[in-house]
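# Notes for the structure review
One-letter residues, chain by chain:
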Amino acid sequence: MVTARVHSIETMGLVDGPGIRVVVFMQGCKLRCAYCHNPDTWDQKGGFEISVEELIQKVKRYKIYFNHSGGGVTLSGGDPLLQPEFVIEFFKRCKEEGIHTTLDTSG
Ligand code: SF4
């Protein structure tokens, strides 16, 4: 079972990609940008653990909003690419569910 550490999940996000989005702020970032808005995402051991399937079940509840607005899911952070296996598996599951994906990374 692939899991990730996540800082927080924001529903009804409007600025991190097209349409209405669920924005998942992944835990962990190795950069230290001077004007970082999310320094509490830096610690790779912080946040909470969630599996791909648990996150898919949460996200699927918003499909009606995605479909009417051209939205979907954004993985942000932190830097999602510090947990690449999770990103790959989660996005594959999103595609199976017909959910649009966006990756917000410093990479
Ligand atoms: S890449 Fe993003 S999360 Fe990481 S320090 Fe910079 S602004 Fe903060």
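For the structure given in this document, a descriptive report is provided here.

So, how was this worked out
Residues numbered from 1 in each chain as written. Predicted model: local features only at pLDDT ≥ 70, side-chain atom pairs only at ≥ 80, totals over all residues. Heavy atoms only, no water. Axes fitted to C-alpha atoms, helices over the stretch in contact; angles between N-to-C directions. Helix = DSSP H or I, 4+ residues; strand = E, 2+ residues; numbered from the N terminus. Parallel < 35°, antiparallel > 145°, perpendicular 65-115°, else oblique. Left-handed = near helix turned anticlockwise from the far one by under 90°. Contact = heavy atoms within 4.5 Å. Nonpolar A, V, L, I, M, F, W, Y, C, P; charged D, E, K, R; others polar. Core = buried A, V, L, I, M, F, W, Y, C linked by side-chain atoms within 4.5 Å. Buried < 20%, exposed > 50% of the residue type's maximum accessible area, 1.4 Å probe, protein only.

One can describe the packing of helix H1 (residues 52-60) onto helix H3 (residues 84-96) by two numbers: an axis separation of 10 Å at closest approach and a directional angle of 40 degrees. It follows from the interaxial angle that H1 and H3 lie oblique. You can see that H1 and H3 cross each other, and the crossing is right-handed. Residues Val52, Glu53, Leu55, Ile56 and Val59 of H1 lie in contact with H3, whose contacting residues are Phe86, Glu89, Phe90, Arg93 and Cys94. Looking at the contact of H1 with H3 residue by residue, the classes come out as seven nonpolar, no polar and three charged.

This part takes up the nonpolar core. Note on soluble globular proteins: their nonpolar side chains tend to be buried together. Residues Val24, Val59, Val73, Phe86 and Phe90 are the most contacted members of the largest nonpolar core, which totals 19 residues. Sorting the residues of this core by element identifies strand S1 (3-13), strand S2 (21-26), H1, strand S4 (72-76) and H3 as the ones contributing at least two each. Here the element with the most residues in this core is H3; it accounts for five residues. For Val73, the residues in contact, after removing those within four places along its chain, are Arg21, Val22, Val24, Val59, Phe66, Phe90, Cys94, Ile99, His100, Thr101 and Thr102.

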